[in-house]
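If you want the building blocks of each chain, they are given just below.
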Amino acid sequence: MWKLDLDEDYFRVFDKNHQIAGYFVPDYGNIVPEEKAMEVIEQMHKKHESVPGGYLTVPMVKFGVFGSDEEMDVLYLHSQIDSVLQRVDAWKDFLLENQMQHGIRVAHTDQDMLSLTFPIKFKESIPLEKSRILDAISPTLDLLQQKGFL
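These remarks concern the structure in this document. Nothing here was measured: the structure is a model prediction, and the numbers come from that model. (Residues numbered from 1 in each chain as written. Predicted model: local features only at pLDDT ≥ 70, side-chain atom pairs only at ≥ 80, totals over all residues. Heavy atoms only, no water.)

1. Focus on the layout of surface pockets
- Quantified by volume, the largest pocket comes out at close to 380 Å³.
- Lining of the largest pocket is provided by 20 residues; of these, Tyr23, Thr57, Ala107, His108 and Ser115 occupy positions nearest its centre.
- Among the secondary structure elements, those contributing two or more residues to the lining of the largest pocket are β3 (20-26), β4 (50-62), β5 (103-106) and β6 (113-127).
- Among the elements that line the lining of the largest pocket, the one with the most residues is β3, at 5 residues.
- Among the residues forming the lining of the largest pocket, the class breakdown is 11 nonpolar, 7 polar and 2 charged. (1 Å grid on protein atoms, 1.4 Å probe; cavity = no way out; pocket = protein on both sides within 12 Å on 5 of 7 lines; lining within 4 Å. Points joined across faces, edges and corners; volume = space filled by probe spheres on them. Helix = DSSP H or I, 4+ residues; strand = E, 2+ residues; numbered from the N terminus. Nonpolar A, V, L, I, M, F, W, Y, C, P; charged D, E, K, R; others polar.)

2. A look at the nonpolar core
- Ranked by internal contacts, the top residues of the largest apolar core, which has 32 residues, are Val13, Leu56, Trp91 and Ile133.
- Secondary-structure elements contributing two or more residues to this core are β2 (10-14), β3, α1 (37-46), β4, α2 (74-97), β6 and α3 (130-146).
- Leaving out residues up to four positions away in the same chain, isoleucine 133 has contacts with Leu4, Phe11, Phe24, Val51, Phe122, Ile126, Pro127 and Leu128. (Core = buried A, V, L, I, M, F, W, Y, C linked by side-chain atoms within 4.5 Å. Buried < 20%, exposed > 50% of the residue type's maximum accessible area, 1.4 Å probe, protein only. Contact = heavy atoms within 4.5 Å.)

3. Digging into the packing of aromatic side chains
- The tally for this structure, following the rule as stated, stands at 6 aromatic pairs.
- Plain terms: the ring middles of tyrosine 10 and tyrosine 23 are 5.8 Å apart, the flat faces sit at 70 degrees to each other, and that makes the pair edge-to-face. Of this pair, tyrosine 10 sits in strand β2 while tyrosine 23 sits in strand β3; the two residues are 13 residues apart in sequence, bridging distant segments of the chain.
- Pairwise contacts between aromatic rings join Trp91, Phe94 and Phe149 into one cluster. (Phe/Tyr/Trp six-rings, centres within 6.5 Å; stacked < 30°, edge-to-face > 60°.)

4. Here we look at the pattern of salt bridges
- By the definition in use, this model includes 6 salt bridges.
- When the shortest N-O distance is used, the salt bridge between aspartate 110 and lysine 62 registers 2.5 Å. You can see aspartate 110 sitting in the loop between β5 and β6 and its partner lysine 62 sitting in strand β4, a full 48 residues away along the chain.
- Through salt bridges that share partners, Lys3, Asp5 and Lys130 make up one connected network. (Salt bridge = Lys/Arg side-chain N within 4 Å of Asp/Glu carboxyl O.)

5. Observations regarding the sheet that holds β3
- Read across the open sheet, the 6 strands follow the order β1-β2-β3-β4-β6-β5; overall the sheet is antiparallel. Edge strands, defined here as strands with exactly one partner in the open sheet, are β1 (3-7) and β5. Here the average twist between neighbouring strands, direction ignored, is 30 degrees.
- For β2 and β3, the ladder comprises 4 bridges, and the chain directions are antiparallel. Within the sheet, the bridge partner assigned to phenylalanine 11 lies in β3 and is phenylalanine 24. (Pairing = 2+ DSSP bridges. Axes fitted to C-alpha atoms, helices over the stretch in contact; angles between N-to-C directions.)

6. A closer look at the side chain of threonine 57
- Among the structural elements, threonine 57 can be located in strand β4.
- Threonine 57 sits in the buried class, given a relative accessible area of 17%.
- Within the structure, the side chain of threonine 57 is placed 2.7 Å from the side chain of threonine 117, a separation counted as a polar contact.
- In contact with threonine 57, not counting residues within four places along its chain, are Ala21, Gly22, Tyr23, Ser115, Leu116 and Thr117. (Polar contact = N/O pair within 3.5 Å; in protein donor to acceptor, adjacent residues only side chain to side chain.)

7. Let's talk about unusual backbone geometry
- For the bond from valine 32 to proline 33, the omega torsion is -5 degrees, close enough to zero to count as cis.
- Its location among the elements puts proline 33 in the loop between β3 and α1.
- One non-glycine residue, histidine 48, lies in the positive phi region at around 55 degrees.
- When its relative accessible area of 38% is taken as the criterion, histidine 48 is described as partly exposed.
- Positive phi values are uncommon outside glycine, yet glutamine 99 reaches one of about 45 degrees.
- Among the secondary structure elements, glutamine 99 is positioned in the loop between α2 and β5.
- For glutamine 99, a relative accessible area of 73% translates into the label exposed.

Structure (structure tokens):
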């Protein structure tokens, strides 16, 4: 159902319709010297070195009002804000219920969207192989999809 594509030091996560569902950045640990990080990470991938987890970034909420020069009326604005609030409430309940550490920021690909990033810790270290990483993060992706977040 899910597909991963490696792009430099992170994986793009695609759904069954080939739409971007998020990003997974493996936890590569402390890389010294920092100037050599990309070279070291490239070698880690070539050698299929193991990582203890990483960070999953998914879309949280799209406002539908920013980044457009189109005029809107107050009813449209109210409807959009109400919809955003419902989605934020759903995420809040999920995050608090699961006691998940997380960070929220404006999505780097869309200034009208917020993205949510949270850590994923594997039960045991996983080699940097697409299929193994995908097996490890799929349950989380499946849960987010079941909850209507993806």
